[in-house]
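# A structural walkthrough
If you want the building blocks of each chain, they are given just below.
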Amino acid sequence: MSIRLKLLAGFLLVSLLTLGVSLGISLTVQQKVASLISDVGGKKLPGVIALSRMEADLYQVLFLLERYESDREISIREDIERSLASLGSHQTGHTLYHDGESFIAFVETFVREFSRATAGYILLLQRGKSAGEIEVARNRIDSLLDRYRQDIIPHLHEDVREGYVKINQIDDINRDSRNVLLISALIIMLLAIFFSAFIATMFARPLASMTEAARKIGSGQLDIEIPVTSKDEIGQLSEAFNDMTSNLLTMRNNLMNLNLDLENELDENQDLTNELSEHRKNLEKLVVERTKEVEHQRQLAVQANNSKSEFLANMSHEIRTPMNAVIGMTNLALNTDLDETQRNFISKAHMSAEALLHILNDILDFSKIEAGKLEMESTDFSLKRVFDNTCHMIHSSAEERGVSYSTKISAEVPDALIGDPMRLGQVLLNLINNAVKFTSEGGKIEVDVSLQAESDRDCVIRCSIKDNGIGISTEQQEKLFQPFTQADSSTTRKYGGTGLGLVICSQIVKAMGGELQVDSELGKGSDFHFTVRLGKLQQTVAVVQPGDDEGGNIAEWKEQLKGVRLLLVEDNEVNQELATMILTMNGIDVEVADNGQDALDMLRKESFDGILMDCQMPVMDGYDATRRIREQERFRDLPIIALTANAMKGDRERALASGMNGFITKPINHDALFSTMARWINKKS
């Protein structure tokens, strides 16, 4: 017989004994208690409860009668009537369960007479009858109460006493049943102890043998065997344990042999290990040397990049300084009386200087792109104003080449936007200039602006510049956006250019969340189109564009500045002469200082409405001079505007941080010069 069957039989026996004893006791107790409860609850108890409630309603009526005698309110009379109705309802419950018919009839008669007597008494009080009649009615109620106390209450007390006797009998039965249950539980516990001892004996010996064998195995003694005394699960476990010890012994012997083999192999490979260790040390040393070399090269690259930036800044300043004189002087010369030949020569010189300035700006922008320093502004602007300014700038060149152009902005495109209007205008100007440059006389350029996507906060604008010029072949389009390249060498010779414009435009568009693409066919024209993502203003506001400071035009600005007295701080004699001529020709009084120190000396002696300050000068530069001026309380509000050839990233911020109000770059743009001065400088009274 297996262990499982033995355990099952033992547990089944104990369970049956427990179930039999419990059921026998429960049925006996249940029958006796049910009989007593039926006798008490089924017959006597409902009647007792009904009489008790009737007595409570009776005393409620008496209490209300006393109140009605002193205060005859209708509400009290209504309460008495409700209590009498409740008094009559309780006799039904007593009638259903009480055995005595005479007693039932007596209760019904009492309730009926008491209700009539009470109603009559209330009626006498209500009608105001004599005291004798009222007293007779009251005595009738009192006599009925005496009958109630003599005949009904004793009967109620008898039923209550009988109920208590039955309840005590139920308590005795419960007490006897608990004693029987305790004895039964003791017997069952003894049987459980006996059965547990039997199970412990059946399991303990084999388990003790296995425990002792396990201790020996743990100490390394594997040549042991447990005796098998039965064929049940314990016997099968003992046989499996013996098989396990035999296998462990075999495995230990095999492992010992393998360990000997491994030790021999380790001895043989010790030389190889030493060689690997030496190689690792050499490799670590090489890594350290290479790391130092890479760090050194990185420092050299950073130094070279800084040198490059410094070189570009210096070259930009040095080129812009003479270019300022060339562009400014030629512009002044064009405003004088010239014959046709002279005007032709000077006009071409002026155009060449502006082309050179454009090339310089392209090179500076490309250097920023290479260094990853091309930054975009985020400011409010009018899209229509950007296109108007761009068209104004290309109008003369298009007219000279005999090329017509049109601009169409879709009505759904919002005008008040957030972004970088200067960079957007730079892209438009470059692409439209290219279209003008590569379109023959009589050609046509179409600029189309549409809304590609829109959300609550931003929108995607698509701009298309289409011409019917020379076009570009598929092979030429593949290298179109590579730096320092154009469609082919012949166009470079014929039309000029550095090959940087489209690269710069592509990077600017990419920085604005869009892409620049081209669709073109050789001999039929080109369509350059791009998308940009721009923020939307929540409400239309007045937007100031670069060169539109405070609104107005150059004639108004010049009129505003007439009679103003300015201090020009400039170390270059040609630029001194140029700036002085531009300003004096427009009614502005100018005094010149060669450097910052001279400016400080002149301010101690004379009074000025504003200062045009160069930044790079000998003795004292413009930054230090501005800080020294601002230190003096009387010059805290004196307008100081930078007029400098420093046009690299950070130059404007450095000038404003030193205390300057505005920033104008060389070569001088007349619109920018007079708009900035008009914004900050006013003639003192």
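Summarised in this report is the structure supplied together with it. (Residues numbered from 1 in each chain as written. Predicted model: local features only at pLDDT ≥ 70, side-chain atom pairs only at ≥ 80, totals over all residues. Heavy atoms only, no water.)

## Things to note about the overall build of the protein chain
- Check the secondary structure of the protein chain and you find 17 helices and twelve strands.
- Taking all 685 residues of the protein chain together, the buried fraction comes to 37%.
- Nonlocal contacts in the protein chain, meaning residues at least 24 apart in sequence, comprise 71% of its contacts between residues at least 6 apart.
- If you sum the accessible surface of the protein chain, you get close to 39,800 Å²; carbon and sulfur atoms cover 54% of it. (Helix = DSSP H or I, 4+ residues; strand = E, 2+ residues; numbered from the N terminus. Buried < 20%, exposed > 50% of the residue type's maximum accessible area, 1.4 Å probe, protein only. Contact = heavy atoms within 4.5 Å. Areas by Shrake-Rupley, 256 points an atom, 1.4 Å probe, with all protein chains shown as cover.)

## Considering the pattern of salt bridges
- Applying the stated criterion to the full structure yields 20 salt bridges.
- A salt bridge links Glu 446 to Lys 444; the shortest N-O distance between them is 3.5 Å.
- Residue class for Glu 446 comes out partly exposed when judged on its relative accessible area of 35%.
- Ionic contacts of the salt-bridge type, sharing partners, join the residues Arg 565, Asp 589, Glu 591 and Glu 606 into one network. (Salt bridge = Lys/Arg side-chain N within 4 Å of Asp/Glu carboxyl O.)

## Concerning the pairing of strand S10 (residues 610-613)
- Neither face of S10 is left uncovered, since the one carrying Gly 610 and Leu 612 and the one carrying Ile 611 and Met 613 both have all their residues buried.
- Where strand S8 (residues 565-569) meets S10, four bridges bridge the pair, whose relative direction is parallel. Its bridge partner being in S10, Leu 567 is matched across the sheet by Ile 611.
- Sheet topology places S10 next to strand S11 (residues 640-644); three bridges connect them, and they run parallel. (Pairing = 2+ DSSP bridges.)

## Remarks on the sheet that holds S8
- Strand order in the open sheet made by the five strands is S9-S8-S10-S11-S12, with parallel pairing throughout. The open sheet terminates on both sides in strands that have one partner only, identified here as strand S9 (589-593) and strand S12 (662-665). Strand after strand, the sheet turns through a mean of 20 degrees between neighbouring axes, direction not considered.
- Contacts from helix H15 (residues 622-630) reach S10 and S11, with the element oriented near 160 degrees to S10. (Axes fitted to C-alpha atoms, helices over the stretch in contact; angles between N-to-C directions.)

## Quick notes on H15
- Looking only at H15, the buried set comprises Gly 622, Tyr 623, Ala 625, Thr 626, Ile 629 and Arg 630. An end-on view of H15 places all buried positions within 165 degrees of arc, on one side of the element.
- Check the buried side of H15 and you find it contacts helix H14 (596-605), S10, S11 and helix H16 (651-658).
- Among the residues of H15, the N-terminal cap falls to Asp 621, whose side-chain oxygen and the backbone nitrogen of Tyr 623 are separated by 3.2 Å. (Arc of directions from axis to C-beta. Polar contact = N/O pair within 3.5 Å; in protein donor to acceptor, adjacent residues only side chain to side chain.)

## Points about the nonpolar core
- By size, the foremost hydrophobic cluster in this structure holds 39 residues, and its most contacted members are Leu 383, Leu 424, Leu 431, Ile 461, Ile 465, Phe 530 and Val 532.
- For Leu 431, the contacting residues outside a window of four places in its chain are Ile 465, Leu 502, Leu 516, Phe 528 and Phe 530.
- By size, the runner-up hydrophobic cluster in this structure holds 30 residues, among which are Ile 76, Leu 87, Phe 106 and Ala 117. (Core = buried A, V, L, I, M, F, W, Y, C linked by side-chain atoms within 4.5 Å.)

## Let's talk about unusual backbone geometry
- With an omega of -5 degrees, the peptide bond running from Lys 666 to Pro 667 counts as cis.
- In this fold, Pro 667 is placed in the loop between S12 and helix H17 (670-680).
- The phi angle at Val 619 is positive, at roughly 65 degrees, despite the residue not being glycine.
- Considering the arrangement of structural elements, one finds Val 619 in the loop between S10 and H15.

## Considerations on the packing of H14 against H15
- Close contact between H14 and H15 brings their axes to 9 Å; oriented N to C, the two are set at 25 degrees. With respect to H15, the axis of H14 lies roughly parallel. Between H14 and H15 the crossing geometry is right-handed. Here Gly 596, Leu 600 and Leu 603 of H14 come into contact with H15, specifically with Ala 625, Arg 628 and Ile 629. (Parallel < 35°, antiparallel > 145°, perpendicular 65-115°, else oblique. Left-handed = near helix turned anticlockwise from the far one by under 90°.)

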